[in-house]
Amino acid sequence: MISMRLLQTKADRETKARFWYLFADSKGAANRRKLMIYLKNNLANANQLAHYFGMDYKGIRFHLRVLEENNLLKNSDHGYNDYYFVAPYFEINEEMF
């Protein structure tokens, strides 16, 4: 069980603020939520995600890059055909999602 002391650490506040901004307070928050929910259970590349969600490929790439820069997604490093999956940082802090 997580203690209340752990939930009040500075790093936890920073994580909460990051999650709030990325998934609730910014213009693309709804799209990033959809991507994370889908990628929690599936591997996919940007093209597959664009087709699945009916979104522009460049828009998907933008959101994937934002999520990667915030250590919430990882990719397979295969170049053009990168597959994306949820990073350990997201899994550890998923209850804030």
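For the structure, check the block above.
Along each chain, the written sequence defines residue order, and numbers are assigned to residues from 1. Local features are withheld for residues below a pLDDT of 70 in this predicted model, meaning they are given only at 70 or higher, and side-chain atom pairs are given and counted only at 80 or more; totals for whole chains, interfaces and linings count all residues. For the side-chain quantities, the full set of heavy atoms in the structure was used; hydrogens and water were omitted.

Below, the discussion takes up the overall build of the protein chain. Along the backbone of the protein chain there are 6 helices and 2 strands. Each helix and strand of the protein chain, placed in order from N terminus to C terminus, yields the pattern α-α-α-α-α-β-β-α. Only protein chains enter the accessibility calculation, which uses a 1.4 Å probe; a residue is then buried when its area is under 20% of its type maximum, exposed when over 50%, and partly exposed in between. Burial statistics for the protein chain: of 97 residues in total, 33% are counted as buried. Considering only contacts within the protein chain whose residues lie at least 6 apart along the sequence, 49% involve residues at least 24 apart. Surface accessibility follows the Shrake-Rupley procedure with a 1.4 Å probe radius. Residue values consider only the protein chains on display as shielding. Put simply, the protein chain shows about 6500 Å² of open surface, and 53% of that area lies on carbon and sulfur atoms. Put simply, DSSP marks the helices as runs of H or I at least four residues long and the strands as runs of E at least two long, and each gets a number from the N terminus on. Working rule for contacts: check all heavy atoms of both residues, and any pair within 4.5 Å makes them a contact.

With that settled, consider the packing of helix α3 (residues 29-41) against helix α5 (residues 57-69). Throughout, an axis means a line fitted to C-alpha atoms (over the contacting stretch in the case of helices), and angles, computed between N-to-C directions, take values from 0 to 180 degrees. Their axes nearest at 10 Å, the elements α3 and α5 cross at an angle of 75 degrees. The pairing of α3 with α5 is recorded here as roughly perpendicular in orientation. Along its contact with α3, which presents N31, R32, L35, M36 and L39, the element α5 presents I60, F62, H63, L64, V66 and L67. Of the residues belonging to the contact of α3 with α5, the class tally is 8 nonpolar, 2 polar and 1 charged. Orientation is classified from the angle alone, with under 35 degrees giving roughly parallel, over 145 giving roughly antiparallel, 65 to 115 giving roughly perpendicular, and any other angle giving oblique. Only Asp, Glu, Lys and Arg are considered charged in this grouping, and only Ala, Val, Leu, Ile, Met, Phe, Trp, Tyr, Cys and Pro are considered nonpolar; every other residue, Gly among them, is considered polar.

This next bit is on unusual backbone geometry. Even without being glycine, N71 reaches a positive phi, approximately 60 degrees. Structurally, the position occupied by N71 is in the loop between α5 and β1 (73-75).

Now for helix α4 (residues 46-53). Among all positions of α4, only A46, L49 and A50 are buried. End-on, the buried residues of α4 take up no more than an arc of 100 degrees, which puts them together on one face. Residues of α4 that are exposed and point over 90 degrees away from its buried face: H51 and Y52. Buried-residue contacts for α4 involve α3, α5 and β2 (84-86). In the stretch just after α4, G54 is the one whose phi turns positive, near 65 degrees. Each C-beta atom gives one direction from the helix axis, and the arc is the one those directions make.

A separate point is the packing of aromatic side chains. When two rings of Phe, Tyr or Trp (its six-membered ring) have centres within 6.5 Å they constitute a pair, described as stacked for plane angles under 30 degrees, edge-to-face for angles over 60, and tilted for the intermediate range. For the coordinates displayed, the defined rule picks out 6 aromatic pairs. Ring centres of F19 and F90 lie 6.0 Å apart, and the angle between their planes is 5 degrees; on these two criteria the pair is classed as stacked. Separated by 71 residues along the polypeptide, F19 in helix α2 (residues 10-25) and F90 in helix α6 (residues 88-92) bring together distant segments of the chain. Judged by relative accessible area, which is 0%, F90 ranks as buried. Judged by centre distance (4.5 Å) and plane angle (40 degrees), the ring pair of Y38 and Y52 falls under tilted. A residue pair is termed long-range when its members are at least 10 positions apart, and Y38 in helix α3 and Y52 in helix α4 qualify at 14 residues. Overall, the relative accessible area of 53% leaves Y52 in the exposed class. An aromatic cluster is built from F19, F23, Y89 and F90, whose rings are joined through pairwise contacts.

Bear in mind that shape data such as this cannot, by itself, settle questions of function.
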